[in-house]
Amino acid sequence: MEFINGLLGVFESSGFVAMNWPSIIMILVGFVLLFLAIKYQFEPLLLIPIAIGCILVNLPLSTIGDVHHGFLGQIFSVLTATEILPIIMFLCLGALTDFTPLLSRPITFILGAAAQFGVFMALFLAIGFGFSPQESAAIAIIGGADGPTSIFLATKMAPQLIGAISVAAYSYMSLVPMILPPVIRALTTEEERKIKMETPKPVSKTTKILFPIVVSIVVGLILPSAIPLIGMLMAGNLIRESGVVERLSKTLQNELVNIATIFLGLTVGSTMVAGQFLVPETLKIILLGLIAFAFGAAGGTLMGKLMCKLSGGKINPMIGAAGVSAVPMSARTVQIEGQRYDKSNYLLMSAMGPNVAGVIGTAVAAGVFLALFH
Amino acid sequence: MEFINGLLGVFESSGFVAMNWPSIIMILVGFVLLFLAIKYQFEPLLLIPIAIGCILVNLPLSTIGDVHHGFLGQIFSVLTATEILPIIMFLCLGALTDFTPLLSRPITFILGAAAQFGVFMALFLAIGFGFSPQESAAIAIIGGADGPTSIFLATKMAPQLIGAISVAAYSYMSLVPMILPPVIRALTTEEERKIKMETPKPVSKTTKILFPIVVSIVVGLILPSAIPLIGMLMAGNLIRESGVVERLSKTLQNELVNIATIFLGLTVGSTMVAGQFLVPETLKIILLGLIAFAFGAAGGTLMGKLMCKLSGGKINPMIGAAGVSAVPMSARTVQIEGQRYDKSNYLLMSAMGPNVAGVIGTAVAAGVFLALFH
Amino acid sequence: MEFINGLLGVFESSGFVAMNWPSIIMILVGFVLLFLAIKYQFEPLLLIPIAIGCILVNLPLSTIGDVHHGFLGQIFSVLTATEILPIIMFLCLGALTDFTPLLSRPITFILGAAAQFGVFMALFLAIGFGFSPQESAAIAIIGGADGPTSIFLATKMAPQLIGAISVAAYSYMSLVPMILPPVIRALTTEEERKIKMETPKPVSKTTKILFPIVVSIVVGLILPSAIPLIGMLMAGNLIRESGVVERLSKTLQNELVNIATIFLGLTVGSTMVAGQFLVPETLKIILLGLIAFAFGAAGGTLMGKLMCKLSGGKINPMIGAAGVSAVPMSARTVQIEGQRYDKSNYLLMSAMGPNVAGVIGTAVAAGVFLALFH
Amino acid sequence: MNGQKIANLLTILFLIGGLVLVGFFMVVNWSTFTQELSHGGTTITGGIVAFVVTFLVLILVTFVISFLKWILNREQKVEIEKKNLAGKSKAEKSTHKKVTGSVEENHELIAVLTAAIHASNKMIAPHDTFKIFKVREMITSSSSWRIFSKDDLSGVGG
Amino acid sequence: MNGQKIANLLTILFLIGGLVLVGFFMVVNWSTFTQELSHGGTTITGGIVAFVVTFLVLILVTFVISFLKWILNREQKVEIEKKNLAGKSKAEKSTHKKVTGSVEENHELIAVLTAAIHASNKMIAPHDTFKIFKVREMITSSSSWRIFSKDDLSGVGG
Amino acid sequence: MNGQKIANLLTILFLIGGLVLVGFFMVVNWSTFTQELSHGGTTITGGIVAFVVTFLVLILVTFVISFLKWILNREQKVEIEKKNLAGKSKAEKSTHKKVTGSVEENHELIAVLTAAIHASNKMIAPHDTFKIFKVREMITSSSSWRIFSKDDLSGVGG
Ligand code: NA
Ligand code: NA
Ligand code: NA
């Protein structure tokens, strides 16, 4: 009898008893993310850990996401909810980013700024959809196409949406090659798309060293709330460009960013519990993300057209669309789009300018949101 | 006078005054572990850090193990006692394990299961020896021959035994080449030991990707308490086999596992304070560990004999003994044993199947113990 | 109106409104450190992160140093203030240090001891300058020319001085090629400086393995308070010399030391807030640091002269000055000084003995200070 | 050989001794102890439940893996047959069959083991063969920390 | 081509639709909501302020970067001219001008891109070209964890 | 040379000045302060105790290291002599003595320094010579994360 009772006890504490549709759906969401990441290489570095976290936390009766005793929950509360991992990602991204194409042609910074138009369109729509100002800001920043910025702002402003926002941000970043071309084609003429641009010139080492210092001082003075983001991004870049601490720079670019990515992904995934993710808001966020990306590309392209006019046709307007960061995917999409009309047109390096400028642009927008809405 | 008093004060707060036999014995235990690890390469990756931790914490008046102020004590309470380091080890082990030999011949999974027989023999004996159910479970799992599983279960079920259990587990893992052969020879005939096996065939990438997903879902549904262990082991393996995040996989297999090993070893060693280690229970644990290993090998070998019969002599029963994980030491021992009778017999790859199956088998047993006894 | 108010609100919460001279001066201090580190390679591995931390924390209204919510403040309170990062640095330094030159000629250990004379001169002067015993000890240890020891002791004994002490320590370590030569020349004759020394012989592997064990036992027994420093330094060295855990040793020497350096530097820099740094004490610390270095070099050189006499001219007194650790800068300075008089004189390897001995000497001094003043 | 027989005997005695001891403890505990577990049985019963559950789960996993492999193999075979029907040469087909066949050939053994050694070396010394980015990855995907790729620029200057 | 035109039309409709929607929401919110923000405006006003501030900051940054580059270039030029005055040959001077000039030459393009590819490769596979210590670093600086350097010993035995 | 003499003089004055200052402070403190330390002395006394203890400990460590080396060397010598008695040639013996002797030979210097350079290079650029697993390690030990080793398979196919 006892033996049978024991067996029944095991069965009663198994996941089968607690099985429920929301959990099953969330596990399927995890499968879809895994499939897209592995088969179509949708941002696999983040989406595979996110999907794993999502599946493990939604298995019935799983306690892995518990913030007091669970493995992922404890790491989430200590490293992710405190914004430590997202900011470490910024530090590493700074070390991974080469701002040369931007510094070679500083005026293209404006294109990276214009691409933030999508962020603000999404902001107003999100407010209109009934989200709180804080939630709206966190959702809007998806349009910046920078994963860590989205996770950072969601953590601070709308922790309950962090899962949906992260998934939307990384998914659309993967879809950039599909989102950008129609917008570019609708807003530019074929002549504009055929414009060839000079390859950016190398810039002096002094410029590269002073750039991160100056940017963090200027932005930090105006927007103290942006100091963690911009400051650490620029810190990483200074470590890279200083040239005297190569071993630190290499560690940031390899081991540290990999370790941070694994744990950021797993813990963000572990927030995707059914009760919080399977709500109408998630669908709204997915729609708003698409709008943000499309208007970001449109803003950049239109500013590109203006600069093309003003410069007497020296600027290909398409590179404006690369202001939607998703580094370096947008720039590569512009390159491919350019070669569609002229095989000898190499826009990649020129498009990298707005591309990296967009990273700074989105970080500034996030800082402004923090100053105004937090 | 003052000066003399000062000197005396230093002497009085020195370790000489607080010197005591238990501490001296523990320091000698540390020396023995260092000697075995360095001279005979007994699992040096874990045993050297454990021995260092043991020596430093047992120096008289040492505070390095203090959980509030000591270096090792703080790390222990934040990273080891919370199970974070042991589970990170699982994540890394998953990335380090190639399940191909198992997937090539799935039926050999049964051999890895049968080798868990030793775990249950040790469980009943430990209960008989007067250990509590929780302690018995933690001791029994030594028979699984998987270090991190032992540390994980000891942390959760019997924190006061974590030092003795870890030392026993890693020591017997090192002694596998001495423990397995007599058991194999006693239970098999020479004809059986001479059986040659086909080398496992490669399996498709899809199989390798689906394997970790399916195993974590199936086991996770039946045993929610096994999710951290099996889930993270399989997460690491999925990161490895997905093929699209090689940089994450490499970091798990190198830097992260190395860092986790150092701190896991040092902190486990720092729990070996004389008062807790120099008790009769430690001797019992050492005896039970040996019994667990021997019966594990016996269980695997006997199941191997059964499969040999059923398959018409296609399976060499010795590979069952490799179900006592100690990856890849058991498989290698089987290979050497096979070549003792026939130089042209290459059993290594076939023995790797039960060998990695044993890792999963032990993790499942640990999950069952958690569900029933925790 | 609302819009204007909003804009004004942003301006009012910007750093311009809170701008103040102390902050500006601290940011300029950060610039100077960056300039020295990048242009003249003043200990860039530590001073670049320190300077970045200093600048970011002193931008007006910056909250990055806040111990509850700021990125650097949180890391500081969890990892630096608890001494975890400084001790991890010791562990890594142990793995990075080759004690062969010292073991080849054990008597040169005395020279590393004599160079601690500067530490005690600075101690008495600091007490005379009105510092508390704890502060005096933390300041005095600057003279040991070992960065992590200084940070460790400052964290424990005088947390309010950690910024000034770290900056002084690393700055003077960079200035070793300027501080040592005048002292050496003033205290030695040209004949003494021309003495050639035998190159140290290789030592047996057993000696190298037993050395860290014996040192940690002997020092740990006499000074329990020195166990974290000496114990972990020697633990790293044992991991290096054991020869059986090369993968752990390599991780300590590369990834772990790099990650620890970045976060130690950034968090130490984040303690350099204007209110604590711009005080008369900082100037006193800078002066005391110089005195400590000069007397350290003098102590080592004079002991070298004594040993030269006793050995019948076999020891070049200059190698005593290398007891001021700053590994390996002091030894290199001695080598250059030696070649100034005789191009065929290679003192480097001989000077490495006192050089690494000085690391142990300073750690012992720190342990004594902890035992007496803490 | 005699020594070996004695060793075998001792080993078997050790194992039988262990079994007897466990049996003895189980009988004693069952009749004496009343130590209750959370799921309503004595400790020994709990142990037996654990034993049974563990093996049931592991047998289930064995079936699941076997089923998974069978399914995937069948799909693969169907695909191969389709391909063959679509015009592949008979020769190729037979070659394929040889490889999946069960006849153990020395050449095959060597080939597989060579592959295994290669795979193991890759695992053991990752840095030698470490290529962070694969060509395919570069073409179809993006990640926020890759700036350029060789492929993007490969046509330049040629 | 016709398909492309339809696609363009749909895209433009999507964008205009979005703009109209935003305009509608803004009007509605402005007239209805009284949701106060911390800095004393409604949410929509807050959004507009955010928009304006963001772009002002980004334009300022653009100016600062441009100014920084202009300053550094001017200094460089002055220095180069000084050097030239100090006896450099005319030929060298003209070569330099060519490189900094704006005429896009195929050779130059190839050179720059080659450099870019090289740089990118270095970034992508750091371990291949990983040299922790540079020669210059070894000579002029020290760090607490370097014991010896090749340079220190390079003269020995030669 | 005159400049050097002046510099030396200034340095010595600086050092003497420091000593005098310390002496002055010590006298003043001793007579004035009553600041008690935990171990029952004034701060200055505490400092002197620290000074003495530090040097005693360091001298003790010097003795311990010297003793350790002496013991190990003696054992080695005994071993070598045993070996020699066991039939090694005289020539070999004398060669060994030469190496451990104190005559500084240029060849020896070069050899030792070459070894040192090699050792330092290994330390400085570990990745070049990074071999995670040694042959001996593979044969005699195991660790939970090594799956195969070259040695296990080395006989195959040969
Ligand atoms: Na962006
Ligand atoms: Na196992
Ligand atoms: Na020192």
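Predicted model only: the values in this text are computed from it and were never measured.

Chemist: Explanation requested: the overall build of chain D in the structure shown.
Modeler: Counting secondary structure elements, chain D contains six helices and zero strands. A buried classification covers 37% of the 158 residues belonging to chain D. A total accessible area of about 9600 Å² is found for chain D, and carbon and sulfur atoms account for 66% of it.

Chemist: Would you mind showing me how to read the coordination of the sodium ion (ligand 1) here?
Modeler: Six octahedrally arranged donors around a metal ideally form angles of 90 or 180 degrees; four tetrahedrally arranged donors ideally form angles of 109.5 degrees. Residue and element names in this part refer to chain A. Surrounding the sodium ion (ligand 1) are the protein donor atoms Gly 144 (O), Asp 146 (OD), Ser 325 (OG), Gly 358 (O) and Thr 362 (OG1), which sit 2.2 to 2.6 Å from the metal. Donor residues for the sodium ion (ligand 1), ordered by position in the chain, follow G-x1-D-x178-S-x32-G-x3-T. Of the two residues, Ser 325 sits in the loop between helix H20 (318-321) and helix H21 (329-341) while Gly 358 sits in helix H22 (residues 348-373), which places them 33 residues apart along the sequence. Here Ser 325 falls in the buried class, since its relative accessible area comes to 0%. Residue Gly 358 is classed as buried on the basis of its relative accessible area of 0%.

Chemist: When you look at helix H11 (residues 147-157) of chain C in this model, what are you seeing that I'm missing?
Modeler: In an α-helix there are 3.6 residues to a turn, and that puts residues three or four apart on one side. Within H11 of chain C, 10 of the 11 residues are buried, which leaves the element mostly enclosed by the surrounding structure. Looking at H11 of chain C, one finds that the buried residues are Gly 147, Pro 148, Thr 149, Ser 150, Ile 151, Phe 152, Leu 153, Ala 154, Thr 155 and Met 157 of chain C.

Chemist: Would you mind going over the coordination of the sodium ion (ligand 3) with me for this structure?
Modeler: All names here are of chain C. Coordination sphere of the sodium ion (ligand 3), protein contribution only: Gly 144 (O), Asp 146 (OD), Ser 325 (OG), Gly 358 (O) and Thr 362 (OG1), at 2.2 to 2.6 Å. Each donor residue of the sodium ion (ligand 3) belongs to the same chain, and together they define the spacing G-x1-D-x178-S-x32-G-x3-T. Pair noted here: Gly 144 is in the loop between helix H10 (133-140) and H11 and Thr 362 is in helix H21 (residues 348-373), with a separation of 218 residues, a long-range link. Neither residue differs from the other here; Gly 144 and Thr 362 are each classed as buried.

Chemist: Help me out: how do you make sense of the packing of aromatic side chains in this one?
Modeler: What characterises a pair of aromatic rings is the spacing of the ring centres plus the angle enclosed by the ring planes. All told, the structure shown has 39 aromatic pairs over all chains when counted by the stated rule. For the pair Phe 24 of chain D and Phe 25 of chain D, a centre-to-centre distance of 6.0 Å together with 50° between the ring planes defines the contact as tilted. Given a relative accessible area of 51%, Phe 24 of chain D falls into the exposed group. By way of ring pairs, the aromatic residues Phe 117, Phe 120, Phe 295, Phe 369 and Phe 373 of chain A together with Phe 51 and Phe 55 of chain E are connected into one cluster. Sitting over the ring of Phe 131 of chain B, Lys 284 of chain B keeps its end group 5.6 Å from the ring centre.

Chemist: What is the right way to look at the side chain of Gln 116 of chain A in this model?
Modeler: Following the sequence through the fold, Gln 116 of chain A ends up in the loop between helix H8 (109-114) and helix H9 (117-128). Within the local environment of Gln 116 of chain A, its side chain forms a polar contact with the side chain of Thr 362 of chain A, the two groups lying 2.9 Å apart. Not counting the four nearest positions on each side in its chain, Gln 116 of chain A is found in contact with Gly 144, Gly 323, Gly 358, Gly 361 and Thr 362 of chain A together with Phe 55 and Leu 58 of chain E.

Conventions adopted
Residues numbered from 1 in each chain as written. Chains lettered and ligands numbered in written order. Predicted model: local features only at pLDDT ≥ 70, side-chain atom pairs only at ≥ 80, totals over all residues. Heavy atoms only, no water. Helix = DSSP H or I, 4+ residues; strand = E, 2+ residues; numbered from the N terminus. Buried < 20%, exposed > 50% of the residue type's maximum accessible area, 1.4 Å probe, protein only. Areas by Shrake-Rupley, 256 points an atom, 1.4 Å probe, with all protein chains shown as cover. Donors = N, O, S within 2.8 Å, 3.2 Å for Na, K, Ca; no water. Phe/Tyr/Trp six-rings, centres within 6.5 Å; stacked < 30°, edge-to-face > 60°. Lys NZ or Arg CZ within 6 Å of the ring centre and 35° of its normal. Polar contact = N/O pair within 3.5 Å; in protein donor to acceptor, adjacent residues only side chain to side chain. Contact = heavy atoms within 4.5 Å.

All quantities given are derived from atomic positions and should not be read as evidence of function.
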